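Chain and residue survey
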Amino acid sequence: MKKQIILWAVLLVVSGVSGQPPKPIQGRHTPMMGWASWNNFRVHINEQIIRAQTDALVASGMKTAGYTFINIDDGFYGGRDQDGRIKTHPVRFPRGMGALATYIHSRGLKAGTYSDAGINTCGSYWDKDSIGIGMGLYGHERQDLELMLNQWGFDFIKVDWCGGEWLGLDEQTRYTEIGRLIKTIKPQALYNVCRWKFPGKWVVNVANSWRVSGDIGEQFDAIAKIIDLNADLWPYCGPGHVNDMDMLQVGRGMSYEEDKAHFSMWCMLNSPLLAGNDLTKMSKETLGILTNEEMIAINQDPLVYQARRLRDNGDQEVWARPLKHTMSGEVAVALFNRAKTKALINFSPDSLSINSKKGYTMRDLWNKKEYSRSVNKEQSFEVPAHGVVVLRIKGVSLPYNVFQYK
């Protein structure tokens, strides 16, 4: 009965029937924003790197833009003592993880950590970081979570699946068990299931976020593949639980237009926004993308309604999502061009639940351009190769609109 009530409440919020959405609390109700160590450093992290990234996030203005988490991924383990207690790597983190979490908190940020559902971590095998052997939660669940979340003081934990897979564990049983323990030990802690694919409907009531793909690459094709994997998972996204499309690759080798498209689609589809670049070496262009406040506002919209692909013409697509509530008359639209050449993409506002007869306005969120009030039944925009145009449209919502039904 309790699960039915929770699911009913979630569906009411997503459908817009429940009235005003809850006040957004970043990470708890809306997608997490912050920085994570894995993409740029993998297991080659240390205390100096994490402190430098923390300082750079604050100094760059990213904290002001809403980035609040510093997530430390695999690579900090130093074995276990005779009582099975995790030790921090003595060379990489000489002052310990508790001291590092305290430093992150002192900068007005929250701290995230990492473990595995099984015995060994992913880095212990794939990155030959053998000290990660035996560092997973299996057999040490309460001991490790009590240490990480309460004694060290971390606010978020990502739980990987390499060790779980190697043991042949049942993912639903295992992740549910871990989730219940986290809620018992530290109810306010955020929990990410890193299963590398959508785990199943059960995960909605277990975790705050869950990976829907394997590890992201820094190529446009990899970005497009993850978008496709998440396209039909919108019913499982809502306040407090989102589909995780993995850490951002903005500023890590793609073109400016590709980076904008990548960031835009992560915002539109409500993925956590976890920068994965070296924050101490960012270009102005990269920082400008990551701190586009109007794009971030879409990602952090309190309705937490994941964008849907409403038109697919092969390489040219139209994605849209309502903002505030499903009858607000405010819609975010992304015109996504997968082609290697620029292309015209057109759309009808009425197909996006905006009543064109009653007039509407549009704003281009990357070019910062306002369009005068229009009653046109069709709009057309030139979209760069591997690029995107994102619009915020305001008008009058059509009754019984597309966002209220599957």
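Before any of the text, the structure's been laid out above.
So, here's what we can say about the structure.

Parameters at a glance
Residues numbered from 1 in each chain as written. Predicted model: local features only at pLDDT ≥ 70, side-chain atom pairs only at ≥ 80, totals over all residues. Heavy atoms only, no water. Axes fitted to C-alpha atoms, helices over the stretch in contact; angles between N-to-C directions. Helix = DSSP H or I, 4+ residues; strand = E, 2+ residues; numbered from the N terminus. Parallel < 35°, antiparallel > 145°, perpendicular 65-115°, else oblique. Left-handed = near helix turned anticlockwise from the far one by under 90°. Contact = heavy atoms within 4.5 Å. Nonpolar A, V, L, I, M, F, W, Y, C, P; charged D, E, K, R; others polar. Disulfide = S-S within 2.5 Å. Core = buried A, V, L, I, M, F, W, Y, C linked by side-chain atoms within 4.5 Å. Buried < 20%, exposed > 50% of the residue type's maximum accessible area, 1.4 Å probe, protein only. Pairing = 2+ DSSP bridges.

The next subject is the packing of helix α7 (residues 141-151) against helix α9 (residues 171-185). Where α7 meets α9, the closest approach of the two axes is 10 Å, and the angle between their N-to-C directions is 50 degrees. Taken together, the axes of α7 and α9 lie oblique to each other. The way α7 lies across α9 gives a crossing that is right-handed. Taking contact as the criterion, the partners of Glu141, Arg142, Leu145, Glu146, Leu149 and Asn150 in α7 are, on α9, Arg174, Ile178, Leu181, Ile182, Thr184 and Ile185. A breakdown of the residues in the contact of α7 with α9 according to their chemical character gives six nonpolar, two polar and four charged.

By the definition in use, this model includes one disulfide. Between the sulfur of cysteine 122 and that of cysteine 162 lies a disulfide, 2.0 Å long from S to S. Disulfide cysteine 122 to cysteine 162: torsion about the S-S bond roughly 100 degrees, handedness right-handed. Taken together, the residues span a long stretch of sequence, with cysteine 122 in the loop between β5 (110-116) and α6 (123-126) and cysteine 162 in helix α8 (residues 162-167) at a distance of 40 residues. With no disulfide partner, cysteine 237 has as its closest neighbouring cysteine sulfur the one in cysteine 267, 13 Å distant.

Our next topic: the nonpolar core. As a rule of thumb, nonpolar side chains are buried together in soluble globular proteins. With 89 residues, the main nonpolar core has Tyr191, Phe263 and Trp266 as its most contacted residues. Among the elements that make up this core, the one with the highest residue count is helix α11 (residues 256-268) (six residues). Beyond its immediate chain neighbours, meaning those up to four positions away, phenylalanine 263 contacts Tyr67, Leu248, Val250, Leu273, Ile289, Leu290, Met295, Ile296 and Trp366.

In this section: the sheet that holds strand β13 (residues 330-337). Strand order in the open sheet formed by six strands is β11-β12-β13-β18-β15-β16, and the pairing between neighbours is antiparallel. Pairing within the sheet leaves two strands with one partner each, and these edge strands are β11 (308-312) and β16 (369-374). If you compare each strand with its neighbour and ignore which way they point, the axes differ by 25 degrees on average. For strand β15 (residues 360-364) and β16, the ladder comprises four bridges, and the chain directions are antiparallel. Each residue of the ladder has a partner; that of arginine 363, found in β16, is glutamate 370. Those strands touched by α11 are β12 (316-322), β13 and β18 (388-394), and its axis lies near 145 degrees from that of β13.

Once that is clear, we can look at the packing of helix α3 (residues 47-59) against helix α5 (residues 96-106). With their axes 10 Å apart at the nearest point, α3 and α5 run at an angle of 10 degrees to one another. As judged from the angle between their axes, α3 and α5 are roughly parallel. Together, Glu47, Ile50, Arg51, Thr54 and Asp55 of α3 and Gly96, Leu100, Tyr103 and Ile104 of α5 make up the contact between the two elements. A per-class count over the contact of α3 with α5 returns four nonpolar, two polar and three charged.

Right, let's talk about the pairing of β5 for a bit. The element β5 is extensively covered by neighbouring structure, given that six of its seven residues are classed as buried. With three bridges joining them, strand β2 (residues 69-71) and β5 adopt parallel strand pairing. Residue pairing in the sheet places isoleucine 70 in a bridge with alanine 111 of β5. With five bridges joining them, β5 and strand β6 (residues 156-160) adopt parallel strand pairing. What sits directly across from tyrosine 114, in β6, is lysine 158.

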